[in-house]
Amino acid sequence: MQNGKILYTICENTCIIKMVGKIIYKISPGFNRFLQKIDSTVNIFIVDLIEAEYLDSTNLGLLAKLLSISNLRSGVPPILISPHNNINEIFKNVGFFKLFTIVDSWKNSYSNFMELPQSTYTKANLCEVMLQAHQDLSQLNEENKVQFENVITFLNKEVMNT
């Protein structure tokens, strides 16, 4: 699998996030920092997963955070572009089809993407990001609360020990 990276471009009030390769927890601190600092005038979000191979639960949690940001700013759910059955199955299992607009293709083409910097992080920082992401994911529905309860308990202990 290709190493993961996240690209983005902003056009007026719209942010297009492009995920490429294997999107795993190691890149989540940079993605989290981006979501925290994104300009408040941006209120429409599109996530292009056409070149993504896999998303782990931490990054699913960060997509849940993106959903919260989008709901607060515009009330319009982010659009997830995903033609991949394996990723769509994950989305189905965590309830994303009920909360996001998910399509398998997109006709608009955007350019001038910039790569999110790979941020350096401490174990404590990474654990905090992972914990918050899983908490956000678990708050989406009752099934996720049950599914991620043990992960959240483990990460809580890790955060307290770092």
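Look up a bit, the structure's there.
Residues numbered from 1 in each chain as written. Predicted model: local features only at pLDDT ≥ 70, side-chain atom pairs only at ≥ 80, totals over all residues. Heavy atoms only, no water.

(A) Spotlight on the nonpolar core. Judged by nonpolar contacts, the single largest core of 39 residues is most densely connected at M19, F31, L63 and F96. In terms of residue count, helix α2 (residues 57-73) provides more of this core than any other element does, 6 residues in total. (Core = buried A, V, L, I, M, F, W, Y, C linked by side-chain atoms within 4.5 Å. Buried < 20%, exposed > 50% of the residue type's maximum accessible area, 1.4 Å probe, protein only. Helix = DSSP H or I, 4+ residues; strand = E, 2+ residues; numbered from the N terminus.)

(B) Here's a closer look at the environment of L7. Among the secondary structure elements, L7 is positioned in strand β1 (residues 5-11). The residues contacting L7, other than those within four sequence positions of it, are I16, I17, K18, V20, F113, M114, E115 and L116. (Contact = heavy atoms within 4.5 Å.)

(C) Representation of helix α4 (residues 123-138). Compared with the 22 Å implied by 1.5 Å per residue over 16 residues, the 22 Å span of α4 between its first and last C-alpha is a close match. Of the positions making up α4, those classed as buried are L126, C127, V129, M130, L131, A133, H134, D136, L137 and S138. Where the residues of α4 are buried, they touch α1 (28-37), α2 and α5 (142-161). (Expected span 1.5 Å × (residues − 1).)

(D) Region of interest: the pairing of strand β2 (residues 14-23). The element β2 is extensively covered by neighbouring structure, given that 9 of its 10 residues are classed as buried. Where β1 hands over to β2, the hairpin turn is made up of 2 residues, of which E12 adopts a positive phi near 55°. Note that β2 and strand β3 (residues 44-48) share 5 bridges and pair parallel. Within β3, the residue paired with I17 across the bridge is V47. Strand direction decides the pairing type here: β2 and strand β4 (residues 52-55), joined by 3 bridges, are parallel. Residue I23 lies in a different strand from β4, and its bridge partner there is L55. (Pairing = 2+ DSSP bridges.)

(E) Focus on the packing of α2 against α4. Where α2 meets α4, the axes come as close as 7 Å, and the angle between the chain directions of the two elements is 65°. Classified by chirality, the crossing of α4 by α2 is left-handed. Here S57, T58, L60, G61, L62, A64 and K65 of α2 come into contact with α4, specifically with M130, A133, H134, D136 and L137. (Axes fitted to C-alpha atoms, helices over the stretch in contact; angles between N-to-C directions. Left-handed = near helix turned anticlockwise from the far one by under 90°.)

(F) Quick look at the pairing of β1. Judged from the 7 bridges that link them, β1 and β2 form a sheet pairing that is antiparallel. Opposite I6, over in β2, you have M19 as the bridge partner.

(G) Representation of the packing of aromatic side chains. Taken as a whole, this structure holds 3 aromatic pairs when the rule is applied. On the basis of an interplanar angle of 45° and a centroid distance of 4.7 Å, the ring pair of Y8 and F34 is categorised as tilted. Pair noted here: Y8 is in strand β1 and F34 is in helix α1, with a separation of 26 residues, a long-range link. For the pair Y8 and F34, a shared accessibility class is recorded, and that class is buried. With centroids separated by 4.4 Å and ring planes inclined at 40°, the aromatic side chains of F96 and F100 adopt a geometry described as tilted. (Phe/Tyr/Trp six-rings, centres within 6.5 Å; stacked < 30°, edge-to-face > 60°.)

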